[in-house]
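One letter stands for each residue in the lines below.
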Amino acid sequence: MRFINSSRLLLLTLSLIAVTGALVVGSHVTNFVDRPVLAASPAAGTVSPGSPVVTYTGGPFVGINQTDFADTATITCTPVTPCDDFALAISLPTGDTNSYTFNVSVSWTDRATPTSAHNDFDVFVYDGSGSLVSGSSGATSSNPENVSISVTGGSYKIRVLPFDVNTTATGGDTYNATVTLSAVPGAPPFPTPPPTVPGVPRYQNYPAPDGLGTNAGEPSIGVDWPTGKTFIGSGTQTLRVTFDDSCSSSAKTTWEDVSAPNAVTSLDPILVTDHNGLARDRTLTSQLTGQDSLSAYTDDDGDSWIPSQGGGIPSGVDHQTLGGGPYRSDPTALPPVIPPPHPLYPNAIYYCSQDSVVSFCARSDDGGLTFGPGVPIYNTTQCGGIHGHVKVAPDGTVYVPDKSCGGKQGFTVSKDNGVTWTVVTNPSSINTSKLVDPSIGIGKNGSVYFAYESGADASGSFPPKVAVARRNADGTYTWSNDQVLGADLGIKNAVFPAAVSSGQNPSAVDADDNRAAVAFLGSTAQGDYTNTSFPGSWHLFISTTFDGGATWKTIDATPTDPVQRGSICTLGTVDCDHVPDDRNLLDFMDVTIDRQGRVLVGYADGCIGGCVNGTDNSYTALATIARQSGGKRLISAFDPVEPALAGSPIVTAVSDPSGIHLSWEAPDNGGSAITGYKVYRRPETSTQKTLIANLGVQTTFDDFTAAPGVKYFYSVSAVNAAGEGPICDEVTPVPVPPVTSCTVPGASMVQDPSGDAKPANPALDIRELWVAEPFDPANPNGSSLTWTFKVESLAVVPANSQWYIIWDFGKGLRKYVAMKTNATGTPSYEYGHIGPPLSPTSPDPDANKPFPEGAADSGSISADGTITITISNSKIADNTFKGVGAPKRGSTLANISPRTFSGTGN
């Protein structure tokens, strides 16, 4: 089976080294010998829309190869265990890159005698980086074996193993293979990204690493403008991200868990950073408990937190939101409410939440420490749920968007600091039947950019829309420029619109009124996207206006990496009772800007690991940030001069017996397309680097000329029309040892530095997590998992503490194994699931609660901090709630996350 951690790349079906020029080294190396004895005939072929079929044959085989029984990452091809390979090239025309699959069908003639016996060939497909992308679909007993892979072009390797053939047959057994390229029905392609245009915004994506942010549905994002620290909050976890823009591209990042101590349970999470004009901005978090919230705020970027009242009473029980901004002090406001600012905090903080018949907003006059009473912001004759996030304009006007106000969408607005509220609707809008928040961005002069998911159009689709509302002198609003976003890209459906403009910071004297951005997940497939048969996939799109909403430029921020495949349920907890669970992304995402006007989007990635190049969704929710890397910004004073030199790539180098292998991600291109890369090398004994390769646009390089025993340093620069870009760092190759999941400890899933447990406790300080599925000849399909959990030290085993290992079963089912100690420090070992997979209540009070199911098979600890827990695959099956049986070869375990707790209780 495959194990996927949150860094997206670390699969137990780890990348392999190819010895042919068509394939490049991946980020990890597996223990296998790529020396196939036989070759397919022909050995290579190409499919395209105009020529969609190729055929070939393989064999004859007189020996069997069952090494994939142990682990698909350790397939061994030798004269004793033969196999053969076929090199497949996918040729797609420009503008047609995301709507195809290829199917590999391998068939054979079963042996004549004995009549009860059958031949069996297994099929595995590897992508151009050497990663296995076919899972277990081609390792069954079926004839023919069929494997389908979604493609965006490129090179693949098809490997066939004679799993069971007649070893005594004269001449050996053979097979026939057919590869067919097909368009995905009902899912028009995403257009190829257009040529780079200077000034058009560009983005790079940063997924949370090392087990952080693995349960990140409904993320919120904020930036402390004075320090540049970025926060992304989801569930009970707040992550702090430091972006280092000093040279490299992508920016180097440091991710840290700075969660508030009182964030112990949550029905709904929210985070907001209030730009207050002080030495540091204030970041507030809120965890809904029902009638109120567990809230806290920090003025030192998460190093310490101050618990708060949570919210005002009365309040709603669902979908709370926090926002902050200046008081409205205009004496012409009716009625004139001019509260004195708090002596230590200049802004008002608002807490709003919804109930079944009314929504409330309460105001804090001490920076979120305490709140006044909740005030109804509409009644049932005016609006219903679902409302969006509260925003405060530069002049203190407060807005709460709402999707359902008399059949229209709009907002409730307060011009007297939250005392009274008025409903305003967009006359061109249609209420959506989905539970999708509208969102508001506010310009410097008060222009309201209203982003929303429209009601169903003629095709039954729900497109993204945006309109602009400007307040008149008499307090009414004029709406204009209501339009569909991304129509030029063929976008038919959208979810989670999130809007931002630069006027939401009262200290931004250089803010703009005519610039705004709207982020959303979009699909080119039409129809009801909540239908489980919905055929589309989803990308993150970001639209930007620089002319006050008259025109918008939409770009695909994840052109080669879907955020979800198939349906997304936005119908609430009860009506989203689907198998698999397509409500993994929950109800919204968020967008903000930093002090330089860069747009940052916090979103949950539901398609990681094998899903990226495969066909099956992973149903994950990995915290990810899309951050603007180039183009015009939302604060014009910080617009970069373009075109410019491309950025410096971050290079990874590994070595193995075959050579040294470099890889990198394309850096920001500076507003001019990258035309190539230059690779440099120098030995440790010299300060002079030598150009060893002048490449095209490929982002890998294999150095087979390095002298044995010499330590080398490598660097890479990018070239565009402006010239050769800078070089930031040199790297020296890291030896990559063979890794197999068949022996303990197995594959490393998470690494974490020492000394970051809060409060400090070496027994709860996570260092590393491994997982293995030891090979058992009596149970070749796998019988148990062994988890090895390393903390700093267990010389002293604390009482009343817990060590959890949590993962997602790939279909939305969260399972765990754990060690717990009682009041005397005696450990016990158990397994179970997190939260009832099907909850009868909404919101679910047990969404993050562990439910034990029994004792693990075995467990042990050692003073050096090693915890070992073994659990039978049959015990972690679940046939009651989600219909997910025991994991088997090819199953996916995603979002693997170790967690430690002190204190009793669940």
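Residues numbered from 1 in each chain as written. Predicted model: local features only at pLDDT ≥ 70, side-chain atom pairs only at ≥ 80, totals over all residues. Heavy atoms only, no water.

Undergrad: Hey, could you run me through the overall build of the protein in this one?
TA: On a plain count of helices and strands, the protein comes out with one helix and 57 strands. A burial count over the protein gives 57% of its 906 residues as buried. (Helix = DSSP H or I, 4+ residues; strand = E, 2+ residues; numbered from the N terminus. Buried < 20%, exposed > 50% of the residue type's maximum accessible area, 1.4 Å probe, protein only.)

Undergrad: Which parts of the structure should I look at to understand the environment of L645?
TA: Its location among the elements puts L645 in the loop between strand 39 (622–630) and strand 40 (651–656). What makes L645 partly exposed here is its relative accessible area of 41%. For L645 and A718, which are 73 residues apart along the polypeptide, the C-alpha to C-alpha distance reads 8.3 Å. For L645, the residues in contact, after removing those within four places along its chain, are G670, N720, A722, G723, E724 and G725. (Contact = heavy atoms within 4.5 Å.)

Undergrad: Help me understand the sheet that holds strand 10 (residues 202–207), please; the structure alone is not making it clear to me.
TA: Each strand in a sheet pairs with another by means of backbone hydrogen bonds, the pair being arranged parallel or else antiparallel. Ordered in space as 10-39-38-37, the four strands form an open sheet in which the pairing is antiparallel. Each of the sheet's edge strands pairs with one partner strand only, and the pair in question is strand 10 and strand 37 (590–593). Going from strand to strand, the sheet's axes swing by 25° on average, the running direction of each strand aside. (Pairing = 2+ DSSP bridges. Axes fitted to C-alpha atoms, helices over the stretch in contact; angles between N-to-C directions.)

Undergrad: Explanation requested: the nonpolar core in the structure shown.
TA: The nonpolar side chains of a soluble globular protein tend to be buried, and buried together. By size, the foremost hydrophobic cluster in this structure holds 50 residues, and its most contacted members are W255, L521, L540 and V601. Beyond its immediate sequence surroundings of up to four residues, W255 is in contact with Y206, P207, A208, P209, L212, I232, L239, R240, V241, A623 and I625. W807, L813, Y829 and A856 belong to the second-largest nonpolar core, a separate cluster that totals 29 residues. (Core = buried A, V, L, I, M, F, W, Y, C linked by side-chain atoms within 4.5 Å.)

Undergrad: Mind showing me how you'd approach the sheet that holds strand 21 (residues 359–364) here?
TA: The strand order 19-20-21-22 describes an open sheet built from four strands, whose pairing is antiparallel. Each edge of the sheet is formed by a strand with only one pairing partner; in this case those strands are strand 19 (318–325) and strand 22 (375–378). Averaged over all pairs of adjacent strands, the angle between strand axes in this sheet comes to 30°, irrespective of strand direction. As paired elements, strand 21 and strand 22 share three bridges and run antiparallel to each other. Bridged to S359 within strand 22 is Y378.

Undergrad: Which parts of the structure should I look at to understand the side chain of S648?
TA: Residue position: S648 is located in the loop between strand 39 and strand 40. For S648, a relative accessible area of 1% translates into the label buried. A polar atom in the side chain of S648 sits 3.4 Å from the backbone oxygen of P726. Residues contacting S648, with those up to four places away along its chain left out, are C247, S248, S249, P667, V716, P726, I727 and C728. (Polar contact = N/O pair within 3.5 Å; in protein donor to acceptor, adjacent residues only side chain to side chain.)

Undergrad: Just to check I follow, could you spell out the confidence of the model for the protein for this structure?
TA: Any segment with low pLDDT has predicted coordinates that should not be analysed in fine detail. With 86% of its residues at a pLDDT of at least 70, the protein reaches an overall mean of 85. Predicted confidence is poor over residues 1–37, with pLDDT under 50, and the contacts of this stretch with residues over four places away or in other chains come to 143 contacts. Low confidence marks residues 837–843, where pLDDT is under 50. Its contacts with residues over four positions away, or in another chain, come to 12 contacts. (pLDDT = per-residue confidence, 0-100.)

Undergrad: Looking at this model, I keep getting lost on the state of the cysteines. Mind explaining?
TA: Simply put, the disulfide is a covalent bond whose two ends are the sulfur atoms of two cysteines. A full pass over the atoms with the stated rule returns six disulfides. Across the disulfide, C383 is cross-linked to C405 (sulfur-sulfur distance 2.0 Å). Its torsion about the S-S bond being 105°, the disulfide of C383 and C405 is classed as right-handed. One end of the pair, C383, is in the loop between strand 22 and strand 23 (384–387); the other, C405, is in strand 25 (residues 398–405), and 22 residues separate them in sequence. Residue classification places C383 among the buried residues on the basis of a relative accessible area of 5%. Owing to a relative accessible area of 4%, C405 belongs among the buried residues under this scheme. Paired by a disulfide, C607 and C611 hold their sulfur atoms 1.9 Å apart. (Disulfide = S-S within 2.5 Å.)

Undergrad: I keep staring at the pattern of salt bridges and nothing clicks. Help me out?
TA: Side chains bearing opposite charge may pair, as long as their charged atoms lie close to each other. One pass over the structure, following the stated rule, counts 26 salt bridges. Of the charged contacts, one joins E256 and R240 as a salt bridge, the two residues approaching to 3.1 Å between their closest N and O atoms. Of this pair, E256 sits in strand 14 (residues 252–257) while R240 sits in strand 13 (residues 237–244), and the two are 16 residues apart along the sequence. A residue is classified by how much of its surface remains accessible, and E256, at 28% relative accessible area, is partly exposed. (Salt bridge = Lys/Arg side-chain N within 4 Å of Asp/Glu carboxyl O.)

Undergrad: I'm lost on the packing of aromatic side chains in this one. Help?
TA: Each aromatic ring pair is summarised here by two numbers: the centre-to-centre distance and the angle between the ring planes. Inspection of the entire model under this criterion finds 26 aromatic pairs. Centroid distance Y206 to F243: 5.1 Å. Interplanar angle 80°. Geometry classified as edge-to-face. Of this pair, Y206 sits in strand 10 while F243 sits in strand 13, placing them 37 residues apart in sequence. With respect to burial, Y206 and F243 carry one shared label: buried. Here Y712 and Y714 contribute two aromatic rings whose centre-to-centre distance is 6.3 Å and whose plane-to-plane angle is 55°, an arrangement assigned as tilted. (Phe/Tyr/Trp six-rings, centres within 6.5 Å; stacked < 30°, edge-to-face > 60°.)

Undergrad: Help me out: how do you make sense of unusual backbone geometry in this one?
TA: A cis amide bond, omega 5°, links G59 with the succeeding residue P60. In this structure, P60 sits in strand 3 (residues 53–61). The residue after V744, namely P745, is reached through a cis peptide bond having omega 10°. Mapped onto the fold, P745 is located in the loop between strand 47 (734–735) and strand 48 (747–751). The backbone of H319 shows a phi angle near 55°, a positive value even though the residue is not glycine. Looking at where H319 falls in the secondary structure, it is placed in strand 19. Overall, H319 belongs to the buried group, its relative accessible area being 4%. Even without glycine at this site, Y619 takes up a positive phi of about 55°.

Undergrad: Could you clarify how one ought to interpret the environment of G154 in this entry?
TA: As for its position among the elements, G154 is in strand 8 (residues 154–164). According to the relative accessible area criterion, G154 is partly exposed, its value standing at 36%. Those residues within four positions of G154 in sequence are excluded, and the remaining contacts are L88, A89 and I90.

Undergrad: What should I look at first to understand the environment of L785 in this one?
TA: One can find L785 in strand 50 (residues 784–791). Distance from L785 to I869, taken between C-alpha atoms, is 8.3 Å for residues 84 residues apart in sequence.

Undergrad: What should I look at first to understand the side chain of S364 in this one?
TA: Note on placement: S364 falls in strand 21. We classify S364 as buried; its relative accessible area is 0%. A polar atom in the side chain of S364 sits 2.8 Å from the side chain of D366. Residues in contact with S364, not counting those within four places in the same chain, are Y327, N347, A348, I349, L369, T370 and F371.

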